[in-house]
Amino acid sequence: MPYFDSKDRTVFSPQNDKLEPFYKLLEQYHQTIGGSHLFDDLVETYEYLDSVFKNKEEMNNEPITTNRNDGSGRNPIPGNTF
């Protein structure tokens, strides 16, 4: 897994290809703005998005569990109790 070291942190390549341009931007400018608040905010946003994409992929690979006896996989909708 490719990575680069900035002034006070290591930034790893994304697990999702959609974030590759963002990673390349961070890699290109880390020598200039690395260690700044702006760079730290950008890296935190990048890492957050990478984790969101990873979690989304994991959710898509999990089997659907069912809470109903009909096997539809949908959660039951409670009826009106008005």
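For the structure, check the block above.
Cut-offs and rules
Residues numbered from 1 in each chain as written. Predicted model: local features only at pLDDT ≥ 70, side-chain atom pairs only at ≥ 80, totals over all residues. Heavy atoms only, no water. Patch = residues over 30% accessible without salt bridge, like charges linked within 9 Å, V, L, I, M, F, W, Y side chains within 5 Å. Areas by Shrake-Rupley, 256 points an atom, 1.4 Å probe, with all protein chains shown as cover. Salt bridge = Lys/Arg side-chain N within 4 Å of Asp/Glu carboxyl O. Helix = DSSP H or I, 4+ residues; strand = E, 2+ residues; numbered from the N terminus. Axes fitted to C-alpha atoms, helices over the stretch in contact; angles between N-to-C directions. Parallel < 35°, antiparallel > 145°, perpendicular 65-115°, else oblique. Left-handed = near helix turned anticlockwise from the far one by under 90°. Contact = heavy atoms within 4.5 Å. Nonpolar A, V, L, I, M, F, W, Y, C, P; charged D, E, K, R; others polar.

Undergrad: So what's going on with a nonpolar patch on the surface? Which residues, and what values?
TA: On the surface, M1, Y3 and F12 cluster together into a nonpolar patch covering about 370 Å² of accessible area. For Y3, the position within the fold is in strand β1 (residues 3-5).

Undergrad: Run through the pattern of salt bridges, naming residues and quoting values.
TA: One pass over the structure, following the stated rule, counts 3 salt bridges. Shared partners join several salt bridges into a network, and the residues in it are R9, D40 and E47.

Undergrad: I'd like a description of the packing of helix α1 (residues 20-33) against helix α2 (residues 37-61), backed by residues and values.
TA: The interhelical angle for the contact between α1 and α2, taken along N-to-C directions, is 160°, at an axis separation of 11 Å. Between α1 and α2, the interaxial angle falls into the category roughly antiparallel. Seen along the crossing, α1 lies across α2 with a hand that is left-handed. Here F22, Y23, L26, H30 and I33 of α1 come into contact with α2, specifically with L38, F39, L42, V43, T45, Y46 and L49. The residue makeup of the contact of α1 with α2, split by class, is 10 nonpolar, 2 polar and no charged.

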